[in-house]
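Remarks on the overall topology
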Amino acid sequence: MDSTAQDQAQAEVAFDVFSRQCVSRGTLEHVTGRWGALTLGALHDGSFRFNELRRRVDGVSEKMLSQTLHALERDGLVHRDAQPTNPPRVDYRLTPLGREIADRLMNLIHFVEGRMDGVLEARERYDKRVAGGR
């Protein structure tokens, strides 16, 4: 099967993230994993150089940020713009698809942040109940 036939066959497949063979699982993992979500959220604010992004996503290692950016770039969510300057300048920004996903992700982030009082109360109730049952 040539690559055109493979592309057409894949385009006809309905994506189902709940199927273990669905390729969408990888992208979902890149978007919803800790570093992917935080990186997309940070890039929602604009274009960043690597070290600026690393400072913004507090706690991420250089290696993990690099791997995350490569995965998001491969998925078409992040654009890497390398300028031929000395020293080289590389900027990262969201693609239109990345912006769409980041918009939805930011809604979820803001929702979670806005409900943290309830989450913390639930944790406290749970911890008391579990500690009392021992």
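Above: the structure in question.
Heads up: these notes are all about the structure in this document. Numbers given for residues are sequential positions, taken from 1 along each chain in its written order. Selection of residues for local features in this predicted model requires a pLDDT of at least 70, selection of side-chain atom pairs for listing and counting requires 80 or more, and totals for whole chains, interfaces and linings are taken over all residues. Values shown for side chains rest on all heavy atoms present in the structure; no hydrogens or waters enter the calculation.

Considering the overall build of the chain
Secondary structure counts use DSSP, requiring at least four H or I residues in a row for a helix and at least two E residues in a row for a strand, with both numbered from the N terminus. When its secondary structure is counted, the chain shows 7 helices and 3 strands. Listing the helices and strands of the chain from first to last along the sequence gives α-α-α-β-α-α-β-β-α-α. The buried label goes to any residue with under 20% of its type's maximum accessible area, the exposed label to any with over 50%, and the partly exposed label to all in between, with areas taken from a 1.4 Å probe on protein chains only. Of all 134 residues assigned to the chain, the portion counted as buried reaches 24%. To be clear on the numbers: accessible area is Shrake-Rupley with a 1.4 Å probe, and residue cover counts the displayed protein chains and nothing else. Roughly 9900 Å² of accessible area belongs to the chain as shown, and the carbon and sulfur atoms make up 51% of that amount.

Observations concerning a nonpolar patch on the surface
A surface patch of nonpolar side chains, about 280 Å² in accessible area, is lined by L108, F111 and V112. Here F111 shows up in helix α6 (residues 96-114). Every patch collects residues that have over 30% relative accessible area and no salt bridge, joining them within 9 Å if they carry like charges and within 5 Å if they are nonpolar side chains (Val, Leu, Ile, Met, Phe, Trp, Tyr). Salt bridges are defined by distance alone: a side-chain nitrogen of Lys or Arg within 4 Å of a carboxyl oxygen of Asp or Glu.

A closer look at the pairing of strand β2 (residues 78-83)
Should DSSP find at least two bridges between two strands, the strands are regarded as paired. Note: β2 against strand β3 (residues 89-94), 6 bridges, orientation antiparallel. Each bridged residue has a counterpart across the sheet, and for H79 the counterpart in β3 is R93. Between the antiparallel neighbours β2 and β3 lie 5 residues.

Focus: unusual backbone geometry
A cis amide bond links N86 to the next residue, P87, at an omega of 0 degrees. As for its placement among the helices and strands, P87 is situated in the loop between β2 and β3.

Description of the environment of V31
Tracing the sequence through the fold places V31 in helix α2 (residues 24-32). Exposure remark for V31: the relative accessible area of 9% places this residue in the buried category. Sequence-wise, V31 and A102 are 71 residues apart; in three dimensions their C-alpha atoms are separated by 8.7 Å.

Details of the sheet that holds strand β1 (residues 48-49)
Read across the sheet, 3 strands follow the order β1-β3-β2 without closing on themselves; strand pairing throughout is antiparallel. Lying at the two open borders of the sheet, with one neighbouring strand each, are β1 and β2.

Some details on the packing of α2 against helix α3 (residues 34-43)
One way to put it is that α2 packs onto α3 with a least axis distance of 4 Å and a crossing angle of 65 degrees. Here α2 lies roughly perpendicular to α3, going by the angle between them. Residues H30, V31 and T32 of α2 pack against R34, G36, A37 and L40 of α3. Of the residues that constitute the contact of α2 with α3, the class distribution is 3 nonpolar, 3 polar and 1 charged. Lines fitted to C-alpha atoms define the axes here, with helix axes fitted over just the stretch in contact, and angles between the N-to-C directions of these axes take values from 0 to 180 degrees. Oblique is the label for every angle not falling under 35 degrees (roughly parallel), over 145 degrees (roughly antiparallel), or within 65 to 115 degrees (roughly perpendicular). Contacts were defined at the residue level, with two residues in contact if any of their heavy atoms lie within 4.5 Å. Three residue categories are used. Nonpolar comprises Ala, Val, Leu, Ile, Met, Phe, Trp, Tyr, Cys and Pro, charged comprises Asp, Glu, Lys and Arg, and polar comprises the others, including Gly.

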